[in-house]
Every structure is written in C-alpha cells, then in structure tokens.
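Fold and contact review
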Amino acid sequence: MNLVVACSLDCAIGNKGDLLCHVPEDMKRFKELTTGNVVIMGQKTLESLPGGKSLPNRDNIVLTFDKNYHVEGADVVHDKNELFDLLNTKYNNREHWIIGGASIYNQFYKYCSKAYVTWFDLVDREADARIVDFETLPDWNLIDDEPWLLSKKGIKYQFCVYENENVKQVD
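Scope of this entry: the structure provided in the associated data block. (Residues numbered from 1 in each chain as written. Predicted model: local features only at pLDDT ≥ 70, side-chain atom pairs only at ≥ 80, totals over all residues. Heavy atoms only, no water.)

**Things to note about the overall build of the chain**
Scanning the chain for helices and strands turns up four helices and 12 strands. At 15 Å, the chain has a C-alpha radius of gyration in line with the 16 Å of a compact globule built from 171 residues. Oriented by its inertia axes, the alpha-carbon framework of the chain measures out at about 40 × 35 × 30 Å. Residues classed as buried in the chain amount to 49% of the 171 residues present. Intrachain contacts of the chain at a sequence separation of at least 6 include 65% that bridge at least 24 residues. Accessible surface for the chain amounts to roughly 9200 Å². Of this, 48% is attributable to carbon and sulfur atoms. Across the chain, the 19 positively charged side chains and the 27 negatively charged ones have centroids separated by 4 Å. (Helix = DSSP H or I, 4+ residues; strand = E, 2+ residues; numbered from the N terminus. Rg over C-alpha atoms; globule rule 2.2 N^0.38 Å. Buried < 20%, exposed > 50% of the residue type's maximum accessible area, 1.4 Å probe, protein only. Contact = heavy atoms within 4.5 Å. Areas by Shrake-Rupley, 256 points an atom, 1.4 Å probe, with all protein chains shown as cover. Lys, Arg positive; Asp, Glu negative; His and termini not counted. Charge placed at Lys NZ, Arg CZ, Asp CG, Glu CD.)

**Considering the packing of aromatic side chains**
A full pass over the atoms with the stated rule returns eight aromatic pairs. An aromatic cluster is built from Tyr109, Phe134, Trp140 and Tyr162, whose rings are joined through pairwise contacts. (Phe/Tyr/Trp six-rings, centres within 6.5 Å; stacked < 30°, edge-to-face > 60°.)

**Structural notes on the sheet that holds strand E3 (residues 18-19)**
The strand order across the open sheet built from three strands is E3-E2-E9, with neighbouring strands paired in antiparallel fashion. Looking at the sheet topology across the chains shown, the edges are occupied by E3 and strand E9 (129-130). Bridge analysis of strand E2 (residues 12-15) against E3 gives two bridges, and the strand direction is antiparallel. Following the sheet pairing, Asn15 is matched in E3 by Asp18. (Pairing = 2+ DSSP bridges.)

**Some details on the nonpolar core**
Counting residues in hydrophobic clusters, the biggest one holds 34 residues, and the most contacted among them are Leu3, Ile40, Ile61, Leu87, Ile98 and Phe134. Secondary-structure elements contributing two or more residues to this core are strand E1 (2-8), strand E4 (38-42), strand E5 (59-63), helix H3 (80-89), helix H4 (102-108), strand E8 (114-120) and strand E12 (156-164). Those residues in contact with Ile40 that sit more than four places away from it in its chain are Met1, Ile61, Leu63, Leu83, Leu87, His96, Trp97, Ile98, Ile99 and Gly100. Counting residues in each nonpolar core, the second largest holds 16 residues, with Leu49, Leu55, Ala74 and Tyr116 among its members. (Core = buried A, V, L, I, M, F, W, Y, C linked by side-chain atoms within 4.5 Å.)

**With respect to a negative patch on the surface**
On the surface, Glu135, Asp144, Asp145 and Glu146 cluster together into a negatively charged patch. Here Glu135 is to be found in the loop between E9 and strand E10 (140-145). Residue Glu135 is classed as partly exposed on the basis of its relative accessible area of 49%. (Patch = residues over 30% accessible without salt bridge, like charges linked within 9 Å, V, L, I, M, F, W, Y side chains within 5 Å. Salt bridge = Lys/Arg side-chain N within 4 Å of Asp/Glu carboxyl O.)

Functional significance is not addressed by these values, which are geometric in nature.
So, in structure tokens, the structure goes:
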C-alpha cells in the first residue's frame, strides 16, 4: 500500500473540506499514480470530489462509520479490518493508494510502503486538516526528491517520495 498527498510546508492538506490549492501538475501526477489502481478514502474526501462521485478508471473504497452509507461505484467499509479483508480478497493483485483525508492518512500511513508527497512552498496556519510530517518520522526516509518547480498557477512545488523501513502489518 502507498499513499499520495499534497501539503504545505507545515503539513496542512486542507481547510473546510477543500484542498489548499489546485496545482495542475500535482493533479496530473495524482492521476498517473492512481489510474487503474485501488484508491482508499474517507467519506468526506469522496464527497469533496467533483459531483461527490467515485474517481473514474479506479476501484474506489470509502471508509466511513456510517453503516447506512452507500455510494455508486465504490465499495464501502467501516473499519480497518473490513478494509484489509477487502483488499486481500477482491483487490489482492492490485496497487492500493491511500488518498485522504487527514484522518485516513494519519490512521494508515504506518501500513504504507511509500508516500508520494507533493510539497507546496506555502504555510497555512488556518488549515483544519494536517498530516504527519514524513521528514521527521524515524522509520521514513526520503528516497527521491525532484527540484522545486513553479506551477502554471505560480505556486512553487516539489515532488518527493519517502519509503517506510518498518511497514506495520495488519493486526
């Protein structure tokens, strides 16, 4: 399992249900990494997508506490065990991607082998959604960092990949 996230230098990923910023180059990378694979997200993340619909050309899994929640084009699970059972049965030969939101990232990063992080040269003290800082986690090492670039929208960004030396196994 891997994760893909875009965040500010202070690890903010969003505010009031929206991304910090929309950078076309980051969206392109996200699509390239996840298309044809399994994406795992929380209910709020799904509902923040265009039309509140599942992402096309991917198998979508939504985690929610709501036992009555159903959404077209996605499997719905309610806890970690249910998620891993589904991944190991229905999707065991596919790549799995954690795509948000903050609570999902923070709950599952320990189970991930790699984190594909887009850093934005921003600090957002107002943000209400933050993730762990992969730069400071003891078991995570930077294995690839591209140079800082300037997006078409004028925002500086950098693509980095971190690797987890101690991937947690499912209990």
